[in-house]
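The lines below spell out each chain.
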Amino acid sequence: MANTLTNLIPVAYRALDIVSRELTGLISAVNVDAAADTIAKGQTIYSPVVPSGNAIGDITPAMTVTAANDITYGTKSLVIDNYKVSGFNWTAEEEFGINTGVRMENLMRDQLAQEFRKHINAMELALCTAAKNGASRAIGTTAGTAPILADFAGAKKILDDNGAPSSDRSVILDTTAGVALRGIANLFKVNEAGDSNLLRNGVLGNLYGFDVRESAGVQAVTAGTGASYTTTAAGFAVGTTSIPLITGTGTVLAGDIVTFAGDANKYVVTSGVAAPGTITIAEPGLKVAMSAATKAMTIFGTSTRNLALSRNAITLATRLPKFQANDQAADRMVITDPNTGISFELCMWPGQRMVKYEVAIAYGMTVIKPEHLAVIIG
């Protein structure tokens with residue numbers, strides 16, 4: 001095989017076909033901006049968030065026009081903070097020794113498959129981490145137990161109550177939850193489910209308006225060690241996101257699921273503390289007002305964080321890394337994953353009697369609408 005990327009492109013696409021069957025369901029369920037060419041490495045881009053606005057009032061006839069109250073607009077930020085590359089080398093003697101029949105092509109295919117696999121799986125894991133740390137609330141009762149159908153209905157209620165779009169919703173499960181779901185008789189019995197896809201092909205399909213996907217990035221999350229924390233006695237209105245904690249010991253971590261006495265809702269912490277201080281819970285904040293008395297806070301235990309979301313809840317921005325006009329790469333091509341639409345840069349760098357092949361990508365992600373994202377406890 002000659003050392004040009006033109007001849008390597010068919011091998012690279014065969015490698016992508018292998019990788020695209022990995023369990024990376026969340027990438028396919030979020031809003032992917034694969035043309036973020038205007039965002040430099042480390043640069044923060046802000047998008048405005050419009051609040052609910054002023055309260056509704058009564059019409060009062062008058063001969064003069066009165067001004068509405070000013071509105072303070074929020075923002076969400078996104079940073080291209082992942083600037084990643086991986087690769088491998090071939091020396092002239094190695095290539096000469098192996099380049100008989102199709103052995104060289106097969107080795108190159110497998111090497112490229114591993115490079116693409118590492119990048120895609122890293123992006124999937126980062127997305128799952130951002131999602132479980134930025135979800136509005138959680139549903140589920142028992143850690144270590146796969147979700148039941150009522151949990152899917154509960155996740156739908158969370159998104160519906162938060163005003164999330166009813167279309168383009170997904171549930172992202174780990175494989176343990178996938179196995180449990182496939183074992184529910186109502187779903188695989190053709191006369192009850194209405195089709196044979198789950199029975200014949202193992203396809204999870206659509207449930208309660210969610211496209212059900214699986215992901216290797218869904219992980220069991222170790223809860224913080226916080227214990228005996230209570231809120232202050234100030235009292236907090238519906239919608240409050242900053243909750244001051246007093247007394248107590250141990251850590252409250254970002255991504256922890258917490259409950260407060262007198263409120264059955266499970267809230268997700270977006271900013272924690274390592275001692276008494278103020279935690280932040282995800283928008284839309286408290287669903288039940290707290291009276292002016294201290295309220296005990298409980299951290300839900302270690303559990304798997306499956307996800308339910310609308311596509312617009314998370315944005316993944318990707319682009320090719322920049323290069324200077326006179327760099328030393330002998331060749332570079334763009335390889336686009338046909339399943340996710342994500343493009344990678346494939347470069348060949350010549351050296352002294354050896355060649356280096358690189359796969360590179362730059363990306364960043366953020367939870368744009370936490371109200372449109374929920375955790376299903378597993």
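Parameters and conventions
Residues numbered from 1 in each chain as written. Predicted model: local features only at pLDDT ≥ 70, side-chain atom pairs only at ≥ 80, totals over all residues. Heavy atoms only, no water. pLDDT = per-residue confidence, 0-100. Contact = heavy atoms within 4.5 Å. Helix = DSSP H or I, 4+ residues; strand = E, 2+ residues; numbered from the N terminus. Phe/Tyr/Trp six-rings, centres within 6.5 Å; stacked < 30°, edge-to-face > 60°. Buried < 20%, exposed > 50% of the residue type's maximum accessible area, 1.4 Å probe, protein only. Salt bridge = Lys/Arg side-chain N within 4 Å of Asp/Glu carboxyl O. Expected span 1.5 Å × (residues − 1). Arc of directions from axis to C-beta. Pairing = 2+ DSSP bridges.

Asks: Teacher, can you tell me more about the confidence of the model for the protein here?
Replies: Should pLDDT be low for a region, the predicted coordinates there are not to be read in detail. Summarising the model, the protein shows a mean pLDDT of 85, and 86% of its residues fall at 70 or more. Throughout residues 188-194 the model reports pLDDT below 50, and contacts reaching past four residues in sequence, or to other chains, amount to 12 contacts. Taken together, the stretch residues 198-203 has pLDDT below 50 and engages in 12 contacts with residues farther than four places along the chain or on a different chain.

Asks: It is not clear to me how unusual backbone geometry should be interpreted in this structure. Could you clarify?
Replies: Of all residues except glycine, most have a negative phi; of all peptide bonds, most are trans. Omega for the bond connecting Glu283 with Pro284 falls within 30 degrees of zero, at 15 degrees, which places this linkage in the cis form. Topologically, Pro284 is positioned in the loop between strand E14 (278-281) and strand E15 (297-299).

Asks: Hey, could you run me through the packing of aromatic side chains in this one?
Replies: Centre-to-centre distance and the angle between the planes together describe a pair of aromatic rings. Evaluation of the coordinates by the stated rule reveals three aromatic pairs. Relative to Tyr357, the ring of Phe88 has its centre 5.5 Å away and its plane inclined at 35 degrees; by these criteria the two rings are tilted. In this pair, Phe88 is assigned in strand E4 (residues 82-91) and Tyr357 in strand E20 (residues 354-367), connecting sequence segments 269 residues apart. A relative accessible area of 10% places Phe88 in the buried class.

Asks: In this structure, what is going on with the pattern of salt bridges? I would like to understand it.
Replies: Opposite charge on two side chains makes pairing possible when the charged atoms of those side chains draw close. Per the counting criterion, the structure on display carries nine salt bridges. Ionic pairing is found between Asp160 and Lys156, a salt bridge with its closest N-O pair at 2.6 Å. Taken together, the positions of Asp160 and Lys156, both in helix H4 (residues 149-161) and four residues apart, correspond to about one turn of that helix. Of the charged contacts in the structure, one is a salt bridge between Glu358 and Lys356, with a shortest N-O distance of 2.9 Å. Among the residues examined, Glu358 registers a relative accessible area of 14% and is labelled buried. A relative accessible area of 34% means that Lys356 is categorised as partly exposed. Connected through salt bridges with shared partners, the residues Lys156, Asp160 and Arg169 form a single ionic network.

Asks: Can you walk me through H4 in this structure?
Replies: Owing to its 3.6 residues per turn, the α-helix brings residues three or four apart onto one side. The terminal C-alpha atoms of H4, which comprises 13 residues, lie 19 Å apart, in line with the 18 Å expected from a rise of 1.5 Å per residue. Those residues of H4 that sit buried are Asp151, Phe152, Gly154, Ala155, Ile158 and Leu159. Buried residues in H4, looked at end-on, bunch into an arc of 160 degrees, giving them a common side. A positive backbone phi angle near 80 degrees is found at Gly163, which sits one or two residues after H4.

Asks: I'm lost on the pairing of strand E12 (residues 257-260) in this one. Help?
Replies: Every regular strand shows the same layout, with side chains that alternate between the two sheet faces. Across three bridges, E12 lies against strand E13 (residues 263-271) in antiparallel orientation. Bridge pairing in E13 places Phe260 opposite Asp263. Turn length for the E12-E13 hairpin, with the two strands adjacent in sequence and antiparallel, is two residues, and the turn residue Gly262 shows positive phi of about 85 degrees. Here three bridges tie E12 to E15, and the two strands are oriented antiparallel to one another. Looking across to E15, one finds that Val258 is bridged to Ile299.

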